[in-house]
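Residues per chain, in single letters:
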Amino acid sequence: MSTPEPKDLFTITEAHLDTGLRGFPVGTARTSKVDPVQGVSYCGYPIADLVDLSPEAVVYLLLHKQLPTDDELAAFTADLQGRMGLPESVKSSLSGLPRDGHPMEWLICGLTLMGMVSKTGDWLEDAKNLVARMPELVAAIFRVRNGWGEPLAPDPSKGLVENFVHMLGMPDATEADLARLTQVMRTFYILHMDHGGGNLSTFTGKAVASGHADIFASLAASMAALYGPLHGRANQDCLEFVRTIGTQDPDQIEQFVRDALASGNKIYGFGHAVLRAEDPRATIQYALGQSLIPDDPLFKTALALRERAVKVLSGIEKVSNPYPNVDAVSGTLLSAAGLTDSNYYTVLFGFARVSGIAAQIVDERTVARNGKGVPIYRPKFLAVDQPARRIGD
Ligand code: MLT
């Protein structure tokens, strides 16, 4: 069922029931705003203005709603570095997980384990501990699940993304490979941190935290939401889609898109629930690809798709947004940077998104309603009338 456009944001009619709360205001978010045409901004800054900052500066922005001065950034970076260090029991438990579990299932387990052994009960403290320890958790998931070896310890002189790349300990990577991966991951991390208050993983995490489960359990629930192929796991499917095309010829690509649509298949990486123009996060990643990997065959396919899929989709009346979204080219960049297994891409999305969700949870729990916090979520579902019955009737 398509969701009717609300005439008045605050009027819910029967036609809006069972449409996933789409477009209906249920709360406020201070960390980011998603404009259908301009795309996402964090605390008032368009995402394009933030993408070259250090990841720590952007985490600081989401938590404090203002960019740090140089001194504040140095102190915050040192604070996060001091919090690094994944508890030993979390690392050793990972090695007992089934290798054929999806990396997102590993991430959900890892977050739950972190909560078991390290929660303090203070929302902000736990949020900072979580953000600081995510690089090690995510790198450990890569290493242990792939059989690359034991988890590596963080280097306390490195930042969040540099540490992640360092702790991956990628077999056979040269210095140049690591520098390229760091560049791609810094951009990926900043672009994926936050996307308004109502995306499924953010909403889920805040809902769970509203029952006063700790931030680790709340984020485990968020990551379960992100795991779905209609949400975060779309980035994994998207790379597989680009790989399947197998040509860089624009006309053949256009035909591929037409054939896929005729067979009822999805065009991965295009369209969005809220956006109605090219996602600026896609624009930034296309530009990065043009500077880093202009001749990469997969990138050329993704570039031709940017033009031809939009052309084909624009001709279909019921398609409200024919434009590329954040997933359209992210997998192509990650793959060219050495992370070729798309099964891990949603974990990388989660690595970044945890910062935004944690910041929003801190706001809902400690700032909203003059510090009283948002009450436990309890939307109303209308009961569908059933005949009155008794056991034995
Ligand atoms: C995104 O980053 O695009 C999302 O989390 C999906 C959304 O905004 O609903």
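Residues numbered from 1 in each chain as written. Predicted model: local features only at pLDDT ≥ 70, side-chain atom pairs only at ≥ 80, totals over all residues. Heavy atoms only, no water.

Turning next to the site of the ligand. Taken together, His195, Asn199, His231, His272, Arg281 and Arg353 make up all the residues around the ligand. Taking His272, its side chain carries an N or O atom lying 2.7 Å from an oxygen atom of the ligand. Within the contact set of the ligand, an oxygen atom lies 2.7 Å away from a side-chain nitrogen or oxygen of Arg353. When the free accessible area of the ligand is taken as 270 Å², the share hidden by the protein chains comes to 84%. The residue inventory of the shell around the ligand, partitioned by class, reads no nonpolar, four polar and two charged. (Near = heavy atom within 4 Å. Polar contact = N/O pair within 3.5 Å; in protein donor to acceptor, adjacent residues only side chain to side chain. Areas by Shrake-Rupley, 256 points an atom, 1.4 Å probe, with all protein chains shown as cover. Nonpolar A, V, L, I, M, F, W, Y, C, P; charged D, E, K, R; others polar.)

Here we come to the domain arrangement of the protein chain. Assigned domains within the protein chain: domain 1 (39–230 + 343–366) and domain 2 (234–336). On a C-alpha basis, the centroid separation for the pair domain 1 and domain 2 is 27 Å. If you look at the interface, domain 1 gives 23 residues, while domain 2 gives 21 residues. Secondary-structure elements contributing two or more residues to the side of domain 1 that touches domain 2 are strand E2 (39–42), helix H1 (47–50), helix H8 (175–191) and helix H16 (345–366). Broken down by element, the residue count for the side of domain 1 that touches domain 2 peaks at seven residues, all from H8. (Domains from an automatic or database assignment. Contact = heavy atoms within 4.5 Å. Helix = DSSP H or I, 4+ residues; strand = E, 2+ residues; numbered from the N terminus.)

On inspection of all chains with the given rule, the structure shows 18 salt bridges. Between Arg308 and Glu254 there is a salt bridge, with the nearest N and O atoms lying 2.7 Å from each other. A residue pair is termed long-range when its members are at least 10 positions apart, and Arg308 in helix H14 (residues 297–314) and Glu254 in helix H12 (residues 250–262) qualify at 54 residues. With its nearest N and O atoms 3.0 Å apart, the salt bridge here joins Glu254 to Lys311. Highlighted residues: Glu254 in helix H12 and Lys311 in helix H14, separated in sequence by 57 residues. What emerges from the salt-bridge pattern is a single network uniting Asp251, Glu254, Arg258, Glu307, Arg308 and Lys311. (Salt bridge = Lys/Arg side-chain N within 4 Å of Asp/Glu carboxyl O.)

Moving on to the side chain of His192. Structurally, His192 is set in the loop between H8 and helix H9 (200–210). By relative accessible area, His192 is classed as buried at 0%. Within polar-contact distance, the side chain of His192 engages the backbone oxygen of Phe188 at 2.8 Å. (Buried < 20%, exposed > 50% of the residue type's maximum accessible area, 1.4 Å probe, protein only.)

Mapped onto the elements, Pro25 comes out in the segment before strand E1 (32–35). Sequence spacing of Pro25 and Leu107 is 82 residues, and the spatial spacing of their C-alpha atoms is 30 Å. Residues in contact with Pro25, not counting those within four places in the same chain, are Leu9 and Phe10.

Another point: the packing of aromatic side chains. For the coordinates displayed, the defined rule picks out nine aromatic pairs. Ring centres of Tyr189 and Phe351 lie 4.9 Å apart, and the angle between their planes is 55°; this geometry places the pair in the tilted category. Here Tyr189 is found in helix H8, whereas its partner Phe351 is found in helix H16, with 162 residues between them in sequence. Aromatic pair Phe203 and Tyr377: ring centres 5.5 Å apart, planes at 55°, arrangement tilted. Taken as a pair, Phe203 in helix H9 and Tyr377 in the segment after H16 lie far apart in primary sequence, 174 residues in all. Aromatic rings pair up to connect Phe142, Trp148, Phe164, Tyr189, Tyr344 and Phe351 into one cluster. (Phe/Tyr/Trp six-rings, centres within 6.5 Å; stacked < 30°, edge-to-face > 60°.)

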